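Residue-level structural notes
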Amino acid sequence: DAGVIQSPRHEVTEMGQEVTLRCKPISGHDYLFWYRQTMMRGLELLIYFNNNVPIDDSGMPEDRFSAKMPNASFSTLKIQPSEPRDSAVYFCASSLIGREYEQYFGPGTRLTVT
Amino acid sequence: AQKITQTQPGMFVQEKEAVTLDCTYDTSDPSYGLFWYKQPSSGEMIFLIYQGSYDQQNATEGRYSLNFQKARKSANLVISASQLGDSAMYFCAMRDSKYGNKLVFGAGTILRVKS
């Protein structure tokens, strides 16, 4: 039974480049969440979707960040242009409707922007 | 506003002993949920246990139990019979109905189990 899948696991890029992080939620889950984890700010929710529709994007730091969920099995988080302060671990999580409290996290993508 | 406070940056415990990780929360909503997650050095976030604000009994999952004291707004995690594999970062988190499904996380507590 596959869990949440994220790719790539590690990404190193130069400032100004576009970065795309990918997530495949657990099959059948209705909610998808994107989090960012840094030493300074801890874990922060960036955006979440319900049935592919963005519900709350108030955590997205600025217009350079965008997220899409074109179908129930795929989501992307894009940063354009990337900056060194975007360096963090980005987690995707999913959960079932009725069990929203039990979010299953992916392994994360460690992003380094130089 | 939501707030989750974990006052212990780091804890040590001897293998096979029990340990309590503290968590206090602040919310004005009567309907909320409290969670604990474990993050080992490999980085993944692992869901451990959940307590709903209306649950009458404290949640338990194997060696994990949640000591829920509603009046004190605390939701401490108790790990019994600690194992070396319990060494990790532990996060307390809360969700309340005003904020939908958003989880707000505490700063975390690093637990080290000594042999």
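First, a word on scope: everything that follows refers to the structure included in this document. Note that this is a predicted model, so its numbers are computed, not measured.

Here the focus is the overall build of chain A. Within chain A one finds zero helices and 11 strands. Sequence-ordered secondary structure for chain A, helices as α and strands as β, is β-β-β-β-β-β-β-β-β-β-β. By the compact-globule yardstick of 13 Å for 114 residues, chain A fits well, its C-alpha radius of gyration being 13 Å. Seen through its C-alpha atoms, chain A measures out along the principal axes to roughly 40 × 30 × 25 Å. Across the 114 residues that make up chain A, the buried fraction comes to 51%. In chain A, the share of contacts with a sequence separation of at least 24, taken over all contacts with a separation of at least 6, comes to 54%. Within chain A, one finds 11 positive and 14 negative side-chain charges whose respective centroids are separated by 4 Å.

The interface of chain B with chain A comprises 16 residues on the first partner and 16 residues on the second. For the chain B and chain A pair, buried surface summed over both sides reaches about 1400 Å², with 60% attributable to carbon and sulfur atoms. If you look at where chain B meets chain A, you find zero salt bridges. When residues of the side of chain B that touches chain A are traced back to their parent elements, those giving at least two are β5 (32-39), β6 (46-52) and β10 (88-96) of chain B.

Residues and elements named next belong to chain B. Residue position: arginine 112 is located in strand β12 (residues 109-114). With a relative accessible area of 40%, arginine 112 lands in the partly exposed category. Leaving out residues up to four positions away in the same chain, arginine 112 has contacts with Met11, Phe12, Val13, Ser87 and Ala88.

All right, on to the pairing of strand β4 (residues 31-38) of chain A then. Residue and element names in this part refer to chain A. Most of β4 sits out of view: eight of its eight residues are buried. Side chains of β4 alternate between two faces, with Tyr31, Phe33, Tyr35 and Gln37 and Leu32, Trp34, Arg36 and Thr38 buried alike. For β4 and strand β5 (residues 42-50), the ladder comprises eight bridges, and the chain directions are antiparallel. Its bridge partner being in β5, arginine 36 is matched across the sheet by glutamate 44. Remark: three residues form the turn of the hairpin made by β4 and β5, two consecutive strands paired antiparallel.

What follows covers the sheet that holds strand β7 (residues 65-71) of chain A. Residues and elements named next belong to chain A. Strand order in the open sheet formed by four strands is β1-β3-β8-β7, with antiparallel pairing between adjacent strands. Each having just a single partner strand, β1 (5-7) and β7 make up the two edges of the open sheet. Looking at each pair of strands side by side, their axes are set apart by 15 degrees on average, direction ignored.

Bringing unusual backbone geometry into the picture now. With an omega of -10 degrees, the peptide bond running from Ser7(A) to Pro8(A) counts as cis. In this model, Gln80(A) is joined to Pro81(A) through a cis peptide bond whose omega is -5 degrees. Within the element layout of this structure, Pro81(A) appears in the loop between β8 (74-79) and β9 (88-96). If you check the backbone angles, Lys73(B) has positive phi at about 55 degrees while not being a glycine. Along the chain, the position of Lys73(B) falls in the loop between β8 (64-69) and β9 (74-79). Lys73(B) gets classed as partly exposed once you look at its relative accessible area, which sits at 30%. Positive phi, close to 45 degrees, is recorded for Ala81(B), a residue that is not glycine.

What counts and what doesn't
Counting restarts for each chain, with residues numbered from 1 along the sequence as it is written. Labels follow written order: the first chain is A, the first ligand is 1, and so on. Per-residue local features of the predicted model are confined to residues with pLDDT of at least 70, and side-chain atom pairs are confined, for both listing and counting, to 80 or more; whole-chain, interface and lining totals are unaffected and use all residues. Hydrogens are left out, water is left out, and the side-chain values use all remaining heavy atoms of the structure. Helix and strand definitions follow DSSP, with helices as H or I runs of at least four residues and strands as E runs of at least two, each counted in order from the N terminus. We take the radius of gyration over the C-alpha atoms and set the globule estimate at 2.2 Å times the residue count to the 0.38 power. Only protein chains enter the area calculation, which uses a 1.4 Å probe; residues under 20% of their type maximum are buried, those over 50% are exposed, and those in between are partly exposed. Two residues qualify as a contact provided that any one of their heavy atoms is within 4.5 Å of a heavy atom in the partner residue. Charge assignment in this entry is limited to Lys and Arg as positive and Asp and Glu as negative, and neither His nor the chain termini are counted. Charge coordinates come from a single atom per side chain, which is NZ of Lys, CZ of Arg, CG of Asp or CD of Glu. A 1.4 Å probe defines the accessible area here, and the buried area is the portion of it lost by two parts on being joined, summed over both. The rule for a salt bridge is simple: a side-chain nitrogen of Lys or Arg has to be within 4 Å of a carboxyl oxygen of Asp or Glu. Here, a strand pair is defined by DSSP locating no fewer than two bridges between the strands. Orientation is described by lines fitted to C-alpha atoms, with helices fitted over the stretch in contact, and by angles between N-to-C directions that extend from 0 to 180 degrees.

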